[in-house]
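Chain residues, written in single-letter form:
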Amino acid sequence: GNARDGSGVGGGIEIFAGNGVSADQYDGGNGGSVLIEAGAAEGEGVNDIGGSITIKGGNSIAASGGSVTVKSGYSEQEVSGEISISSTDGIGTGDVSISSGMASDQKSGTIYLASGSASQAGSINLNVGSSHSHATAGGDVFLRSGSAYGSESVGGTIFLQSGKSESSASGGVVIDSHEALSSGQSGDISISTGDAKHSGSIHLHTGLSSEEKAGSIVLNTGLSETSPGGAVSLLSGSTSSDRGGDINLLSGHGASRGGSIKLIAGSDSSASDDVKTGGDVSVTGGNSKNGDGGFVHIIGGSTESGNGGNIAFSSGHSKSFSSGSVQISSADGSVDGSSSSGSIFISTGKSYDTTTKGGSVAIRTGESINGQGGSITLSVNDGAILDGGTVKIEAGATLGHAAKGGSVVLTAGSGRNADDSGDGGDGGDVSISGGFANGRSIIDIGGAVEIAGGDAMVGKGGMLHVSSGFSDHGSSGDVVLSSSQSGSDGVSGSLSLSTGYSTAASSGIVTLASGDSKYGAGGEIIIHVGDGGYYNGGDATIAAGSASAAGFNGGKVSIIAGAGLSSHSIDGGDGGDIDLKGGEAKGESDNDNGGSISLMGGTSYTGYGGSIRISSGSSISSSSGSVIIQTSHVSGEGVSGGLILSTGKSNGGHSPSGSILIETGNSEGAPAGKISLTSGETSQDDHPGGLIEIITGYNKDSSSGSFFVATAEGGVNGD
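All of the points below concern the structure found in this document.

Conventions we followed
- Residue indices follow the written sequence of each chain, beginning from 1 at its first position.
- Restriction of local features to residues with pLDDT of at least 70 applies here, the model being predicted, together with a cutoff of 80 or more for giving and counting side-chain atom pairs; totals for whole chains, interfaces and linings are based on all residues.
- The basis for every side-chain value is the complete set of heavy atoms in the structure, and neither hydrogens nor water enter the calculation.
- Runs of E in the DSSP output that reach at least two residues are strands. Runs of H or I that reach at least four are helices, and both are numbered from the N terminus.
- This radius of gyration counts C-alpha atoms alone. The globule rule is 2.2 Å times how many residues there are, raised to the power 0.38.
- Relative accessible area decides the class of each residue, using a 1.4 Å probe on protein chains only: under 20% of the type maximum gives buried, over 50% gives exposed, and in between gives partly exposed.
- Residue contacts follow a heavy-atom distance rule, with two residues in contact if any of their heavy atoms lie within 4.5 Å.
- Salt bridge, as used here, is a side-chain nitrogen of Lys or Arg placed within 4 Å of a carboxyl oxygen of Asp or Glu.

Attention now moves to the overall build of the protein. Check the secondary structure of the protein and you find zero helices and zero strands. For 719 residues, the compact-globule estimate of 2.2 N^0.38 gives 27 Å, and the C-alpha radius of gyration of the protein, at 59 Å, exceeds that figure by more than 25%. For the C-alpha atoms alone, the extent of the protein along its principal axes is close to 200 × 60 × 55 Å. Counting every position in the protein, which comprises 719 residues, the buried fraction comes to 1%.

Spelled out as C-alpha cells, the structure:
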C-alpha cells in the first residue's frame, strides 16, 4: 500500500520461491524457480501481440528514482548463478535493449558491463548470432559513444583498454576479423576518424618502458598461398585547395644512437629453381599538373661534433650472376610541351677546414677477379636540332696564397700481370678524338682537339709535355703527330709546329732532336715532304727568322752533321756526311730535268752581298778533306753538264768585277799541291779532245786584260 506520512515508505512486494532444505550431500534438492510470464495472444492478426513484462523502479520527485536489481543466487561452494537476458527463439527473434534513460537536465545514467573480481577474473563476450541464409551477412557489433549537441561540447570517447598486472605483463588488445572458412575473403578492419571541419587524428603508439626495450608497432599483412601477398599502404589525406598531408617516418631518439629506418622489399621465398624476382622499393615524388613535381630528398643525419651521416646507394648481390645495376637518371622531357630533361648534379659540400681537402667525388667500377674490368662512360646524348651536349671536366680553382689549382689526370689502366713467358698484357690506351661531322657540305668540319697549357698573369704559362711511355727492358713508345689522309675531293690537313709570338724577349725555341743511344745508333730525323700524284711534289723550306731592329742580324741556318766522338786509335768512327741532292726526274721527255741545287748568299742593298764558302774539313794529324765540284756522267747520247766558275757582273763606275783565285795551300815539309787543267778525252777518230781556252777580258776603249804565266823564284837550294 501507499505511505501517507512524510517519512513513510510505500509497501514492498516480495516473491520468494521455495528452498530445497535437505542437507543430503548427494541430492539435497534444488531451490524453486520464480516464473513471471505475460499472457499469450491467441489471435492470428498482425496486431495480436503477446503481453509485455515491465520491471520498473519507483519514481521520485526530488531524490533518485528506485533501482532495479537483477542478481543471481549465491553459492557457498560453487559459482554463483547465471543471469540470462534474451528474446525467445522464433521465426524472427526480438531485440534486447539495455539502456539508461534520457536525462532532461543532468547526466544520463552509465551502463556497466563488468565481471566480478576473482582468482581468475571472468571475461565479457559480445557475441552476435550467426546468419545461415544464403548471401546474408552476419550480425554487426556497434560500439558507439554518445553524441554532443552543445556549442562547446565534445562527443564521447571509446576506450578499449586491457587489464593491468601488478607483477607481469598487462593484457593485450586484439582486433581481428574472423578467418574465411571457404573461398571467400576475410573481413576488413577499418579504423578512421569522422568527417569534420578539422578531422581527428589516429595515434598508434606503444607504452613507455622504464627498463627494457619499448614495445614495437608491426603492420603486417597476411600470407597468401597462391596469389600476391597483401599490400601495406600509408596514404596521407588529399585536398582540393591546399597542400596534401605529409607522411613522416621518424625513428626514436637515443642517448647512444638514434633508431634506424629500414625499407626492405620482400624476398623470393620459393624453394623451386624457377627464376623469381625480389620485390622493388620505389620512392617517387608527387605529380603536379601545373607546378613543379615533388622533390625526393635523401639526407644523411647531421651532427655537432662527429662526421655527418653517409648516404650509400648499393645494388643487390648475386651468388651466381651479376650484381644489380645502379641507375640515376632524370625523366624525359615532354614531347607535347617541347621541354628539356632535368639535370643531374653530383657534388660535395663546401669545406671550411684549413688542414684537409674538400670532399672528393669518386666514380669507379669494381675490380674483376676473373674477367674484364668494368668501363666508365661519360656520354652526352645527341642534339636532334641544336648542338650536341658538352662534356666538361674541370679541376677546382683556388684563392689561397701559394696554393695550386687542382690537376686533371687521365690515366689508362695498367697491365699488371708479370708473366714474362707469354703475354702479360698491355697497358690501356688513352684516346681523345674530335667529334665526327656527318654533314655533306664542305663547311661541315670535324670537331677540333685542343690541348693548351694554363694561362698566367705574370709568370710563365703552363708547359705542354707530350711524351711516349718508358720501358724497363724494351723500346720507349713512338710519338706520332700527323694529320689524317684526305677524302676523294679534299687535301690532307696541315701540320704546324711553332712557338708563340713574343713582345719583350726572344720568342721560344723549336727543338727537333732524337735521343742519345748508349749502345746503338742515334735516332734519325727525317723531314719528308709528300709526293704529288697529279701536281708538283711539296716544297721543303728551312728559313731563319728576319731581324727588323737596327744593328741586329737575321737568323743563321746551320746544318751540321754528327761528330764521331770516340777517341779509339783503330777506328773511332767518322764524322757524319751532309748530302744535298736535287730531285730525280723519271720522265722520258727531253724536258724532264733533274732538280737543281742553288747555293746563293743573301742580297744586300748597301753592303756586301752574302758570301758562299765551300771548305773541306780540317784534320789534326792527317790530310784535310777534298773539295770536288763536278757534273755527273752521262749514260746515254747527251753531253755531260758544264761547269761554270764565274764572278758576277759589276755595274759600279769605279768598282771592278770580282776576281777568281785558284791556288793550292802552302806546305811546310812536303811538296805544295799542284793545279791541273785537263780537258776530256774522246774515243772517236773524227773528234778532237777537249779544248783548254784561256782568254783575258775585252775592253772596247782600252787594252784587253793581261795574261801571266810564271813560276816562282827558286829557293836557296833550288833551280
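By relative accessible area, which is 41% here, G446 ends up partly exposed. Once the C-alpha coordinates of G446 and D280 are considered, the two residues, 166 residues apart in sequence, prove to be 45 Å apart. The contacts of G446, once residues within four sequence positions are left out, are G435 and A437.

Another aspect to go through is the environment of V510. We classify V510 as partly exposed; its relative accessible area is 48%. A C-alpha to C-alpha distance of 80 Å links V510 and A214, two positions 296 residues apart in sequence. Leave out the neighbours within four places in its chain, and V510 touches L497 and T499.

Turning next to the pattern of salt bridges. Per the counting criterion, the structure on display carries one salt bridge. Between K392 and E394 there is a salt bridge, with the nearest N and O atoms lying 3.1 Å from each other. In this structure, K392 and E394 share a single accessibility class: exposed.

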